[in-house]
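Observations on chain architecture
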Amino acid sequence: MSAPGLEELFTLRIEVGDPVDLGPAPDGHRRMVPIVGGTLDGPGGLTGRVLPGGADHQVLTPGFALLDAQYVVETSAGDRLSVHNRGVRSGSPQDMAALARGEVVDADRVYFRCTPRLSSAAPDWAWVCGRVFVADARRHPRRVDVQVFTVL
């Protein structure tokens with residue numbers, strides 16, 4: 001057996017709103033970050049947008065954050081895909097605290113990976129229901145960039 005390959009599917013630039021602080025819980029500090037829009041770009045001229053109305057539910061600890069985001073993307077052809085994206089973001093306690101405050105942190109100092117689960121009723125996108133996806137992500141003060149790959 002050999003390691004599976006990856007093929008780029010698309011990149012999302014997800015615009016986020018102000019976090020809603022839910023406070024400390026036994027497993028970490030909880031907050032919800034609204035998803036307010038964004039764009040989709042992919043190989044072959046694929047374009048689209050991230051629809052407003054999604055959210056990223058987060059559990060923050062000093063060294064890492066567990067992320068659970070749900071949102072919808074729409075291609076320029078009008079096809080809609082549901083995205084349920086779970087991930088982990090980790091770094092030094094100082095870098096993680098700076099990110100939580102909305103500050104810029106060098107992406108090379110932060111591990112940020114996720115496993116998007118995609119589904120769609122659109123005939124051209126039905127295949128995504130039977131595939132595994134992984135993503136590399138970068139956090140910016142008002143945006144998250146997520147580069148999604150199909151596991152071959």
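To be clear, the structure that these remarks concern was listed above.
Presented here is an overview of the structure given in this document. It should be emphasised that the depicted structure is a prediction, and the values quoted were computed from it without experimental measurement.

Here's the deal with the overall build of the protein
Broken down by element type, the protein carries 1 helix and 10 strands. Reading the protein from its N end, one meets helices and strands in the order β-β-β-β-β-β-β-α-β-β-β. The C-alpha radius of gyration of the protein comes to 16 Å, within 12% of the 15 Å expected for a compact globule of 152 residues. Residues classed as buried in the protein amount to 42% of the 152 residues present. In the protein, 50% of the contacts between residues at least 6 apart in sequence involve partners at least 24 apart. Split by element, the accessible area of the protein, about 8100 Å² in all, is 56% carbon and sulfur. Computed over 16 positive and 18 negative side-chain charges, the separation of the two mean positions in the protein equals 3 Å.

As for the pairing of strand β10 (residues 143-151)
As judged from the 9 bridges shared by strand β1 (residues 6-16) and β10, these two strands associate in the antiparallel manner. Looking across to β10, one finds that glutamate 7 is bridged to threonine 150. Alignment of strand β9 (residues 133-140) against β10, held across 8 bridges, turns out to be antiparallel. Across the sheet, residue histidine 140 finds its bridge partner in β10, namely arginine 143.

Quick word on the environment of arginine 117
With respect to the helices and strands, the residue arginine 117 is situated in strand β8 (residues 111-119). By relative accessible area, arginine 117 is classed as partly exposed at 44%. Along the primary structure arginine 117 and arginine 89 are separated by 28 residues, whereas in three dimensions their C-alpha atoms are 18 Å apart. If near-sequence neighbours (up to four positions away) are discounted, arginine 117 is found in contact with Ser82, Val83, His84, Val128, Cys129 and Arg131. A polar atom in the side chain of arginine 117 sits 2.8 Å from the backbone oxygen of cysteine 129.

Points about the nonpolar core
Core analysis: the largest hydrophobic core is formed by 35 residues, its most contacted members being Phe10, Leu12, Ile14, Tyr71, Val73 and Val146. Those elements that provide at least two residues to this core are β1, β3 (28-41), β6 (64-75), β7 (80-90), α1 (93-100), β8, β9 and β10. The residues contacting phenylalanine 10, other than those within four sequence positions of it, are Leu40, Asp41, Gly42, Leu46, Leu118, Val146, Gln147 and Val148.

Examining the pattern of salt bridges
If charged atoms from side chains of opposite charge come close, those side chains can pair. If you walk through the whole model with that rule in mind, you get 11 salt bridges. Residue aspartate 41 pairs with arginine 13 through a salt bridge whose shortest N-O separation is 3.2 Å. With a gap of 28 residues between them, aspartate 41 in strand β3 and arginine 13 in strand β1 connect regions that are remote in the sequence. The exposure class assigned to aspartate 41 is partly exposed, which follows from its relative accessible area of 33%. Of the charged contacts in the structure, one is a salt bridge between aspartate 18 and arginine 142, with a shortest N-O distance of 2.7 Å. Taken together, the residues aspartate 18 in the loop between β1 and β2 (20-25) and arginine 142 in the loop between β9 and β10 connect sequence positions 124 residues apart. Residue class for arginine 142 comes out partly exposed when judged on its relative accessible area of 46%. The network of salt bridges with common partners includes Arg49, Glu74 and Arg80.

Parameters and conventions
- Along each chain, residues carry numbers from 1 onward, in the same order as the chain's sequence is written.
- With the structure being a predicted model, the display of local features is reserved for residues of pLDDT at least 70 and the display and counting of side-chain atom pairs for 80 or more, all residues being used for whole-chain, interface and lining totals.
- Side-chain metrics rest on all non-hydrogen atoms present in the structure, leaving aside hydrogens and water.
- What counts as a helix is a DSSP run of H or I of at least four residues, what counts as a strand is a run of E of at least two, and both are numbered from the N terminus.
- The atom set for the radius of gyration is the C-alpha atoms, and the globule formula is 2.2 Å times the number of residues raised to the power 0.38.
- Each residue is assigned to one of three classes by its accessible area relative to the maximum for its type, calculated with a 1.4 Å probe on protein chains only: buried under 20%, partly exposed between the two thresholds, exposed over 50%.
- Residues count as neighbours in contact if any of their non-hydrogen atoms are within 4.5 Å of one another.
- Method for areas: the Shrake-Rupley scheme with a 1.4 Å probe, in which residue coverage is limited to the protein chains shown.
- The charge count includes Lys and Arg as positive and Asp and Glu as negative, but it does not include His or the ends of the chains.
- The atoms used to mark charge sites are NZ of Lys, CZ of Arg, CG of Asp and CD of Glu.
- Paired strands, in this sense, are two strands between which DSSP finds at least two bridges.
- N or O atoms closer than or at 3.5 Å make up a polar contact, with two conditions inside protein: a donor-capable atom paired with an acceptor-capable one, and, for residues adjacent in sequence, both atoms drawn from side chains.
- As used here, the term nonpolar core means buried Ala, Val, Leu, Ile, Met, Phe, Trp, Tyr and Cys residues forming a set that is joined through side-chain atoms within 4.5 Å.
- A carboxyl oxygen of Asp or Glu within 4 Å of a side-chain nitrogen of Lys or Arg is what we treat as a salt bridge.

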